[in-house]
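Below are the chains, spelled out letter by letter.
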Amino acid sequence: MKVSVEERVYKKAAAHVLRYTTEDVIGVLVGRRGPGTVTLVDAYPLAHGPVMAPLLEIAFELIDANKPEGTTIVGLYEAVVKTNRSPTLTPSGVKVLEVIADRAGADAIALLIDQNTANDEEVITFHARQLSQKEHRLSEVPESGLSPAFAMSSLEKVIRERQYRSIVDFDAHFEDVSLDFRNPTLS
Amino acid sequence: MGRIFKNICDGKQDKILERLVSKRDKSASDLKSIIHFVKNNNLRYPELVLDCSLQLLSKHSSGLDSEYHLIIEELVNAAIESDFLEVAMKGIKSLSRKFGDKNTKVIKIAGTYRESNGDENNANEYYDYILSENKNDLKVQKRKLALLKTKEDLQPYIEGLNKLLKDNMNDIETWAELGFVYLNNLNWSRALYSYEQVIMLNPSQFYAYIRAAEILYTQGTTDNLYQARNYLCYVIIHDPEITRALWTLFSVCRAIDRTGKADAKNATLLTVCKKRLKLCYEKAKTSTLIDNYNLE
């Protein structure tokens, strides 16, 4: 499967990571499927902490009601707080990905986001994985269209202008419904 | 370990803070208000606190008097959290000059600085020193335990939390943290037990009820769904504006309906939930978010 990623996905996912640097974050990816390809079109930050079933259900339904036309929920992104742990999906992340794959009746994509320090600079890297819907097995994406240069250029403004401070996830939205989980300012 | 439910956003407090921050030409009093508001509400805006502290120290230091070193302490904590370690070190040196190297607070802050710098061994030594003087210092015990949270294997951390609770059974923060860790590891029954301890220790901790309800829903079974519904109704009776509770109750009532074993109250609660949610979105002027959502 080939995966390509639109700019707003990088921006929203990275903004979510930067906003909650001391928490694990997870978000939903929507995109368009083609024969052997998936284009990730938008990201909906979900939570900064454990995701529970009742709100996951509602979040999926709200995303379905608000996502761009012609797109479906195709996967998730996850970032584990900067620790000594190697970048991998959390048990909770795996469960959510399985739900997404079963819901879609197709393989689901996971973007693992890794925040490191290299040469005294913060570097955010994205890794793509896919979960097979039949076997629920996680593997590398054969042709990942992730472009590190594109990702970093997308993030420059998010970081420089501190746009990440205004990112809203469903945890925040369910606390205060005046906060827009679509994050239109980052689109 | 910070706020009990640090994983749930403070939407309402964010708005109050926004009002404080948006004021132009802030006076010393305004800057102090922002710092105190963030601290007293256990919010997490280290860059903001850092900014306000630096402004206070650079423009208004002569008027700070006895608060001078309190502001430095806030500055250091904020700088550590924002990864401005050079600023933090300068602050620590200032505190050290004022209170001495052997001062417990200074050592504690120096310990968190070492932690932030990845120097866990030294951090441990600092905490061990404080505990050798006072083994009952709960904050330092927790700080020492927090060093285990960064490891791949969380079992020692979980064991440490349980050990802490043996000597401090009434510590709500540790019960909540244990619940949070169990949740992350999908250990529902132990997570539920932990949150129910929080409820028993402080029945007005509404978010513990919501978490417990979410866990019960996830565990499934009709009995669990009814128990979840009870918890959520309790929260909504006391505060009908908690939209997280309303959405969770909506989810739970729908699930009860799907079991085919719904009691007469369920349909009424579902209707009340939907009406209240619509009202909340109308009041927040974000009804567009649920326009295409079937709340019928």
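What you are looking at is a predicted structure, and each value in this text was computed from that prediction instead of being measured.

1. Observations concerning the overall build of chain A
In terms of helices and strands, chain A carries five helices and eight strands. Mapped from its N terminus to its C terminus, chain A presents α and β elements in the order β-α-β-β-α-β-α-β-β-β-β-α-α. The proportion of buried residues among the 187 residues of chain A is 56%. Of the contacts formed within chain A by residues at least 6 apart in sequence, a portion of 67% connects residues at least 24 apart. Carbon and sulfur atoms make up 48% of the accessible area of chain A, which amounts to about 7500 Å² in all.

2. Observations concerning the pairing of strand β4 (residues 72-79) of chain A
All names here are of chain A. Among the eight residues that make up β4, seven are buried, leaving the element largely enclosed by the rest of the structure. Sheet topology places strand β2 (residues 25-34) next to β4; seven bridges connect them, and they run antiparallel. Looking at the pairing, Val-28 lines up with Leu-76 of β4.

3. Focus on the packing of helix α8 (residues 138-146) of chain B against helix α9 (residues 155-167) of chain B
When two helices pack together, their arrangement is given by the angle between the helix axes and the distance between those axes. Residue and element names in this part refer to chain B. At a minimum axis separation of 10 Å, α8 and α9 run at an interaxial angle of 165°. Taken together, the axes of α8 and α9 are roughly antiparallel relative to one another. In this structure, the crossing between α8 and α9 has a hand that is right-handed. Listed contacts from α9 to Leu-138, Gln-141, Lys-142, Leu-145 and Ala-146 of α8 are Tyr-157, Gly-160, Leu-161 and Leu-164.

4. A word on the packing of aromatic side chains
Residues and elements named next belong to chain B. Applying the stated criterion across every chain yields a total of 13 aromatic pairs over all chains. Measuring from ring centre to ring centre gives 5.5 Å for Trp-247 and Tyr-293, while their planes differ by 85°; the resulting arrangement is edge-to-face. Residue Trp-247 is found in helix α14 (residues 243-259), and its partner Tyr-293 is found in the segment after α15 (264-284); the two are separated by 46 residues along the sequence. Accessibility expressed as a relative area gives 0% for Trp-247, which makes it buried.

5. Description of the state of the cysteines
Residues and elements named next belong to chain B. Tallied over the entire structure, the rule returns zero disulfides over all chains. Considering cysteine sulfurs only, Cys-273 is the nearest to Cys-253, which forms no disulfide, with 5.5 Å between them. Cys-273 supplies the cysteine sulfur nearest to Cys-280, a cysteine that is in no disulfide, at a spacing of 9.9 Å.

6. Concerning the interface of chain A and chain B
With 40 residues of chain A at the contact, the number on the chain B side is 45 residues. At the boundary of chain A with chain B, total buried surface from both sides reaches about 3700 Å², with 53% on carbon and sulfur atoms. Interface area lost by chain A to chain B is led by Met52(A), Glu175(A) and Val177(A), which between them contribute 18%. For the pair chain A and chain B, the interface holds five salt bridges. For Arg258(B), the salt bridge identified is with Glu57(A), shortest N-O distance 3.9 Å. Within the residue set of the side of chain A that touches chain B, elements represented by two or more residues are α2 (53-66), α3 (91-104) and α5 (170-175) of chain A. Partitioned by chemical class, the residues of the side of chain A that touches chain B number 16 nonpolar, ten polar and 14 charged.

The rules we used
- Residues numbered from 1 in each chain as written.
- Chains lettered and ligands numbered in written order.
- Predicted model: local features only at pLDDT ≥ 70, side-chain atom pairs only at ≥ 80, totals over all residues.
- Heavy atoms only, no water.
- Helix = DSSP H or I, 4+ residues; strand = E, 2+ residues; numbered from the N terminus.
- Buried < 20%, exposed > 50% of the residue type's maximum accessible area, 1.4 Å probe, protein only.
- Contact = heavy atoms within 4.5 Å.
- Areas by Shrake-Rupley, 256 points an atom, 1.4 Å probe, with all protein chains shown as cover.
- Pairing = 2+ DSSP bridges.
- Axes fitted to C-alpha atoms, helices over the stretch in contact; angles between N-to-C directions.
- Parallel < 35°, antiparallel > 145°, perpendicular 65-115°, else oblique.
- Left-handed = near helix turned anticlockwise from the far one by under 90°.
- Phe/Tyr/Trp six-rings, centres within 6.5 Å; stacked < 30°, edge-to-face > 60°.
- Disulfide = S-S within 2.5 Å.
- Buried area = accessible area lost by both parts, 1.4 Å probe.
- Salt bridge = Lys/Arg side-chain N within 4 Å of Asp/Glu carboxyl O.
- Nonpolar A, V, L, I, M, F, W, Y, C, P; charged D, E, K, R; others polar.

Everything listed is a geometric property; what it means functionally is a separate question.
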